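The lines below spell out each chain.
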There are 2 protein chains.
Amino acid sequence: MVSTKIRGVLSPVLTPFEADYSPSVSRFRKHCKLLIDQGVGLAIFGTNSEANSMSVKEKRLLLDALLEDGLPAQKMMPGTGCCALSDSIELTRHAVESGCAGVLMLPPFYYKGVSDEGLYRSFATIIDAVADDRLKVYLYHIPPVSQVPISLDLIDRLLKAYPNNIAGIKDSSGDWNNTLAMLERFQPQGFDVFAGSESFLLATLRHGGAGCITATGNVNAAEISQLAQTWQNEDADQQQERLNVVRGIFAKYPMIPAMKAAIAAETGDDGWFTVRPPLVNMSPEQTSSLMQELRAVGYRLHNAEALVHAGQ
Amino acid sequence: MVSTKIRGVLSPVLTPFEADYSPSVSRFRKHCKLLIDQGVGLAIFGTNSEANSMSVKEKRLLLDALLEDGLPAQKMMPGTGCCALSDSIELTRHAVESGCAGVLMLPPFYYKGVSDEGLYRSFATIIDAVADDRLKVYLYHIPPVSQVPISLDLIDRLLKAYPNNIAGIKDSSGDWNNTLAMLERFQPQGFDVFAGSESFLLATLRHGGAGCITATGNVNAAEISQLAQTWQNEDADQQQERLNVVRGIFAKYPMIPAMKAAIAAETGDDGWFTVRPPLVNMSPEQTSSLMQELRAVGYRLHNAEALVHAGQ
């Protein structure tokens, strides 16, 4: 049987907000459609989505809005791992019942220095509570932010206990040796390893991995998607190099406000600048500097006109 | 005008859970009543309450249950700071409308390395949204767990902008020099400094502070409360020493599971052992060792019989 699991490039979709910090559903819908049109899957509610700054209710409403628009749930991998066990269960169940390809699951991240036994119980309790064969859990390893790592031993234990539900991982450790260890140890078992950024996309694909889930997928979707589709071509290393240049510019700035500022600048829609506290939006000076650097390397936001906000 | 602000000893109330991890409302009610009877205020939904492992809905239900029992809201300081701005607003508003003496507010703690400007916007947005003179915010500084510190400059800025709403702080840094700096700089302005544990209770009171908010208030309530009431007596240092001995024993174990295990052992109610993942309950061996150490210093849980669970 050929696996129908989601692969390729996904993006933790930026969440646009109104001036009062409520989610801008209309901007979100347009942005998601544009990503899908460019071949990028929707890892809505990731770190770069400011998902942990939103309530469960707000996340449910945003997911439902995409489904109402007819966007394909099979291209979606919502983040559903919260601090609260009950929140994780509710969001995960909702994603599964909505037909999502998978869920990207942070470990509970308030308590630090917790044991693998405690993390195992957390993931196991959620999987047992949802109790659905369709549930495909992608573990989310992002120790620089969560401060709660997912160890190789924990993956091994979860895979043995839930071979049908534990589907893969996003490795945002930034440590290629860790990604490589996962690729070698678990990818042959069908556990799909996604790099945490496009910096490691080509290397991950060459080692049999599934693709990448990357912030800059929001602002450089078509190019990143192109590499995932043509990575066996002769120009793959050159493509990777071009992706690195654009990412390198965004990475000089606070990433989330910078990506939003680029969309605001390219679409002329200032509403895109807004981030929820505790993040702070980019200043006009920062934005001007960012756009100057981006334009100097020939960057433009594809189909920016499709994002122009009708103010609905 | 004499300040009517809450002072003395409060405890981040342990949250008992059923075997299926749902909150045990009946055990919670009894435990809270017992704490009040021993002179300890209810800082429900703190770190030691496993509050971040619970949803907003679960927290609202627990607070409502206490109010239904007629427990005094003026002895309550629920934790209402969540990662999500919308969750913090909802919980804070509910606490204020319930008449709570104050709220203990964590900064949003998912994103690390955020700026004071971002944290200021977070607290300010919540205060502006609740927009109620009765709101008394106690900031919650616990960098070892939240990894997001609250700086002296941030306190200064918040106090200047919201002198009526910014009421004090719980300092769980474990750094006496930090507590002292807050006591000297802000306590004279009526900003109430609570030590993060009874280890610093006497020192805090001697420097004009408000008291302490301490985990072990759950299991050593009467003694800690006694020191807060008699700290000007000659035996105050001896009292402090005795408190330190008991706390020192609990601190050798994972604190939350250990306190729950002690209550289980002293009441014979095994239901008290349960913690929510990612925490792990104490083993029988750990519990036996803990109780042996506690009994060797003459420890007992006061009025343990009042906690015996009728299984409702």
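The coordinates are above.
Asks: Explanation requested: the sheet that holds strand β2 (residues 41-42) of chain B in the structure shown.
Replies: Sheet strands line up and pair through hydrogen bonds in the backbone, either parallel or antiparallel. Residue and element names in this part refer to chain B. With parallel pairing, the 7 strands of this open sheet are ordered in space as β2-β1-β7-β6-β5-β4-β3. Where the open sheet ends on each side, the last strands, each with one partner, are β2 and β3 (103-105). Relative to strand β6 (residues 192-195), strand β5 (residues 166-171) runs parallel, the two sharing 4 bridges. Each residue of the ladder has a partner; that of glycine 168, found in β6, is aspartate 192. Against the sheet, helix α9 (residues 221-230) contacts β1 (8-11) and β7 (211-213), and its axis sits at roughly 155° relative to β1.

Asks: Just to check I follow, could you spell out the relation of the copies chain A and chain B for this structure?
Replies: One copy of the chain maps onto the second through a rotation about an axis and a displacement along it. For the pair chain A and chain B, the superposition axis carries a translation of 0.0 Å, the fit reaches an RMSD of 0.0 Å, and the rotation angle comes to 180°. Expressed as an axis order, the relation between the two copies is that of a two-fold axis. Measuring from the rotation axis to each C-alpha of chain A, the shortest distance belongs to A:Tyr110, at 4.0 Å. When the interface residues of chain A are mapped onto chain B, 100% of them again lie at the interface, so the same face is used by both copies.

Asks: What's the story with helix α12 (residues 284-296) of chain B in this structure? I'm lost.
Replies: One turn of an α-helix holds 3.6 residues; hence residues three or four places apart share an orientation. Residues and elements named next belong to chain B. For α12, with 13 residues, the first-to-last C-alpha span of 18 Å sits near the 18 Å given by 1.5 Å per residue. By the burial criterion, the buried members of α12 are Thr287, Leu290 and Leu294. The buried residues of α12 all sit within an arc of 65° when viewed along its axis, so they share a single face. Among the exposed residues of α12, those pointing more than 90 degrees away from its buried face are Pro284, Glu285, Gln292, Arg295 and Ala296. The first or second residue beyond α12 is glycine 298, which carries a positive phi of 80°.

Rules used throughout
Residues numbered from 1 in each chain as written. Chains lettered and ligands numbered in written order. Predicted model: local features only at pLDDT ≥ 70, side-chain atom pairs only at ≥ 80, totals over all residues. Pairing = 2+ DSSP bridges. Helix = DSSP H or I, 4+ residues; strand = E, 2+ residues; numbered from the N terminus. Contact = placed C-beta atoms within 7 Å. Axes fitted to C-alpha atoms, helices over the stretch in contact; angles between N-to-C directions. Least-squares fit on C-alpha atoms with pLDDT ≥ 70 in both. Expected span 1.5 Å × (residues − 1). Buried ≥ 20, exposed ≤ 12 C-beta atoms within 10 Å, placed from the backbone. Arc of directions from axis to C-beta.

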